[in-house]
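Chain residues, written in single-letter form:
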Amino acid sequence: MGLGKRKIISMEKIENEQYRLVRFSKRRNGLFKKAQKLSSLTGCRIAVLVISEAGVPYTHGSPSFDDVVRDSLISTNSDSEQSSSGSDNNNDDADHSSLMNVDNIDDCKSIEEMIELKSQLEERLEMVNCRVRATEFEFVRGLFA
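Residues numbered from 1 in each chain as written. Predicted model: local features only at pLDDT ≥ 70, side-chain atom pairs only at ≥ 80, totals over all residues. Heavy atoms only, no water.

- In the annotation of an unreviewed UniProt entry, the entry for the chain reads MADS-box domain-containing protein, and the organism field reads Ziziphus jujuba var. spinosa.
- What UniProt records for the chain under Subcellular location (unreviewed entry) is the sentence "Nucleus". (UniProt positions renumbered as here; feature names shortened; annotations may be inferred.)

Rendered as structure tokens:
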């Protein structure tokens, strides 16, 4: 058993389709094993999504992909709800109407108005980001249904 240098593999696309599929499968499995080892050693939760060239999704998670993603989205959504002063997400029209009625930043008459507007816009942006993440999660779940 030699302790020589490892062979350096250039990072370029493998042209032979059969070799490329075999390499993808081996690398994917290696990635999943490394993710599992990281989770075992550190106690972290892992969710890995790999989509093949053909569009086939492969997932790995510790404890499971669905659990990690779902818990992450629930945590993110509850953090957002708490930061938005407990406003109800089902009351979006009321939330929107509570935004300052400013068409242009130049209409703000004081620094306090600008700070308030900025705060309200940041809250709305966080709500939109949460909805985007939830929609993405549902899309990914639909891929495996």
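## Observations regarding the side chain of Ser39
Here is step 1: Counting through the fold element by element, Ser39 comes out in helix H1 (residues 17-42).
Here is step 2: Taking relative accessible area as the criterion, Ser39 reaches 7% and is therefore assigned buried.
Here is step 3: Here Cys44 takes part through its backbone oxygen, which lies 2.8 Å from a polar atom of the side chain of Ser39.
Here is step 4: Discounting chain neighbours no more than four positions away, the residues touching Ser39 are Cys44, Ile46 and Ser62. (Helix = DSSP H or I, 4+ residues; strand = E, 2+ residues; numbered from the N terminus. Buried < 20%, exposed > 50% of the residue type's maximum accessible area, 1.4 Å probe, protein only. Polar contact = N/O pair within 3.5 Å; in protein donor to acceptor, adjacent residues only side chain to side chain. Contact = heavy atoms within 4.5 Å.)

## Notes on the side chain of Arg20
Here is step 1: Turning to its location among the elements, Arg20 is positioned in helix H1.
Here is step 2: Not counting residues within four places of it along the chain, the set of residues in contact with Arg20 comprises Lys13, Ile14, Glu15 and Glu53.

## Structural notes on the pattern of salt bridges
Side chains that differ in charge, positive against negative, can pair when their charged atoms come close.
Here is step 1: Taken as a whole and assessed by the stated rule, the structure comprises 5 salt bridges.
Here is step 2: We note a salt bridge from Lys13 to Glu53, for which the minimum N-O separation is 3.4 Å. Here Glu53 lies in the loop between strand S1 (46-51) and strand S2 (57-62) and Lys13 lies in the segment before H1, a separation of 40 residues in the sequence. Considered together, Lys13 and Glu53 belong to a single accessibility category, that of exposed residues. (Salt bridge = Lys/Arg side-chain N within 4 Å of Asp/Glu carboxyl O.)

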